[in-house]
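Each chain, written out:
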Amino acid sequence: MDFAHCERLGQDPAEVAKERELIQCLRRMDVVTTDTCINYQTVYQPHLGEHVAWGDTGTVIYANSVFGARSNFESGPAALAAALTGRTPEYGFHLAEHRRGSFTVQLDAKLDDLADWGAVGKLVGEAHQDYFAVPVFHGYRRTPIADELKHLGAALASYGSTGMFHFVGVTPEAPSIEAALGDRQPGERLTISDADISDVYKSYSLGDGDARLVVFSGPQQSLLEMKRLAELFHGRKVRAGASCFVTTNGAVLAQSRTLGYAKTLEDAGATILEGVCFYILQNLSSMRQANRWTNMVSNSAKIVNIIGAHRFSTILRRTADCVEIACSGRLQ
């Protein structure tokens, strides 16, 4: 819950009180309540070989892959136990034997938008429903930025329960394909083209044409994502009757306010939620019904996948297309 918006969103006052109480309990235990799923972009970056006990899908795969730290997908109680004891069970991705690549993926697509990277994660994750399937990406024309790796990892973890990937020449355990694979032979060699990415976008049904909900969330937005959204929304307005939600954490929001990005988004009619992700908002199903939301459009492949439990018809689109849809009210 974002306490500044819980009344407007119709969230349960009793649940609001519980969350306030929980936060105070955690703080009395000396927990730093940063309320973020992008802690690796704003709070702490673990080092190569460091053992951590993280739980969120996007954070775990980013820690294992981009930083070369070691973690499994921990449940809440297990992560709390690790915080209390300073220990975590030695299995899975804490062990070198599970960190070797198992198949290769050649990237021939342009991948110019964050949603494209999520589409790659969807394609690879859906085809490999195995926690220990570790893809090795190679052949891309440039070094991907942090947010691109973030959306790739979040989608891989969401669609395939994947806990780790290698990106040759980028991630620390993959200076070469051979190093990433270790002593393994690749079990499969995939290639992803522009046509494959286009097919992902074409696969989403436009349903009844309702375009009244656009969401930028799952993972939370980085400062650079907030900047990009401000550029796209500058001088525009979210269509009357439509809703656009942007979620980020307190640190990024504070910087966004200082730099003017938040004001631009709010002037355009977007609602910025702090310290939450849209798909885990309390009472979301009731919100959907009360607002008569049918479709949900997003540039996040992860949220497009995971929010289905709330009975949205979900549609993945590139970032600029999402902004256009929010402002025009027309699906495309």
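Details of the structure are given in the entry above.
Residues numbered from 1 in each chain as written. Predicted model: local features only at pLDDT ≥ 70, side-chain atom pairs only at ≥ 80, totals over all residues. Heavy atoms only, no water.

Visitor: What's the story with the pattern of salt bridges in this structure? I'm lost.
Guide: Charged atoms that come close allow side chains of opposite charge to pair. Counted under the stated rule, the structure contains 15 salt bridges. A salt bridge links E126 to K122, with the shortest nitrogen-to-oxygen separation between them at 2.9 Å. Of the two residues, E126 and K122 are both situated in helix α5 (residues 114-127); the distance of four residues between them amounts to about one turn of the helix. Across the salt bridge formed by R142 and E148, the nearest N and O atoms sit 2.8 Å from each other. (Salt bridge = Lys/Arg side-chain N within 4 Å of Asp/Glu carboxyl O. Helix = DSSP H or I, 4+ residues; strand = E, 2+ residues; numbered from the N terminus.)

Visitor: Any chance you could explain helix α14 (residues 319-328) here in plain terms?
Guide: Because each turn of an α-helix spans 3.6 residues, side chains separated by three or four positions in sequence point in the same direction. Summarising burial for α14: seven of the ten residues are buried, a large majority. Within the sequence span of α14, burial applies to T319, C322, V323, I325, A326, C327 and S328. At its buried positions, α14 is contacted by β5 (213-216), α9 (223-233), β6 (243-248) and β8 (295-298). Just downstream of α14 lies G329, where phi reads positive at about 75°. (Buried < 20%, exposed > 50% of the residue type's maximum accessible area, 1.4 Å probe, protein only. Contact = heavy atoms within 4.5 Å.)

Visitor: Sorry if this is basic, but what is going on with helix α3 (residues 57-67) here?
Guide: Burial analysis of α3 places ten of its eleven residues in the buried class, the great majority of the element. When we look at burial in α3, the residues that qualify are G58, T59, V60, I61, Y62, A63, N64, S65, V66 and F67. On the buried face of α3, the contacting elements are α2 (39-42), α6 (146-160) and α13 (301-306). Put simply, D56 is the residue that caps the front of α3, since its side-chain oxygen is 3.0 Å from the backbone nitrogen of G58. (Polar contact = N/O pair within 3.5 Å; in protein donor to acceptor, adjacent residues only side chain to side chain.)

Visitor: Any chance you could explain the packing of α3 against α6 here in plain terms?
Guide: Packed helices, taken two at a time, are described by the angle between their axes plus the distance between the axes. As a packed pair, α3 and α6 sit with axes 8 Å apart at the nearest point and diverge in direction by 120°. On the basis of the axis angle, α3 is oblique to α6. Seen from above, α3 lies across α6 with right-handed handedness. Here T57, G58, I61, Y62 and V66 of α3 lie close against α6, whose contacting residues are A146, L149, K150, G153, A154, L156 and A157. Taken together, the residues that form the contact of α3 with α6 break down as eight nonpolar, three polar and one charged. (Axes fitted to C-alpha atoms, helices over the stretch in contact; angles between N-to-C directions. Parallel < 35°, antiparallel > 145°, perpendicular 65-115°, else oblique. Left-handed = near helix turned anticlockwise from the far one by under 90°. Nonpolar A, V, L, I, M, F, W, Y, C, P; charged D, E, K, R; others polar.)

Visitor: Before we go on, may I ask you to explain the packing of α5 against helix α8 (residues 194-202) in this structure?
Guide: One way to put it is that α5 packs onto α8 with a least axis distance of 10 Å and a crossing angle of 90°. When the interaxial angle is binned, α5 and α8 end up roughly perpendicular. Every residue of α8 that contacts α5 at A115, D116, A119, V120, K122 and L123 is listed here: D196, I197, V200 and Y201. Tallied by class, the residues present in the contact of α5 with α8 amount to seven nonpolar, no polar and three charged.

Visitor: Just checking my understanding: could you explain a nonpolar patch on the surface for this structure?
Guide: A cluster of nonpolar side chains, namely M29, V31, L80 and L84, defines an oily patch on the protein surface of about 340 Å² accessible area. With respect to the element layout, L84 can be found in helix α4 (residues 76-85). Using a relative accessible area of 61% as the deciding quantity, one classes L84 as exposed. (Patch = residues over 30% accessible without salt bridge, like charges linked within 9 Å, V, L, I, M, F, W, Y side chains within 5 Å. Areas by Shrake-Rupley, 256 points an atom, 1.4 Å probe, with all protein chains shown as cover.)

Visitor: When you look at the side chain of S328 in this model, what are you seeing that I'm missing?
Guide: Checked against the element boundaries, S328 lands in helix α14. A polar contact is formed between the side chain of S328 and the backbone nitrogen of R330, at a distance of 3.1 Å.

Visitor: Can you walk me through the nonpolar core in this structure?
Guide: Generally speaking, nonpolar side chains in soluble globular proteins are found buried as a group. L107, F137, F233 and F278 are the most contacted members of the largest nonpolar core, which has 81 residues in total. Here the element with the most residues in this core is α6; it accounts for six residues. Discounting residues that sit within four places of it in the chain, F278 has contacts with L213, V215, S217, F245, T247, L284, W293, I303 and I307. W54, V60, A63 and A69 belong to the second largest nonpolar core, which has five residues in total. (Core = buried A, V, L, I, M, F, W, Y, C linked by side-chain atoms within 4.5 Å.)

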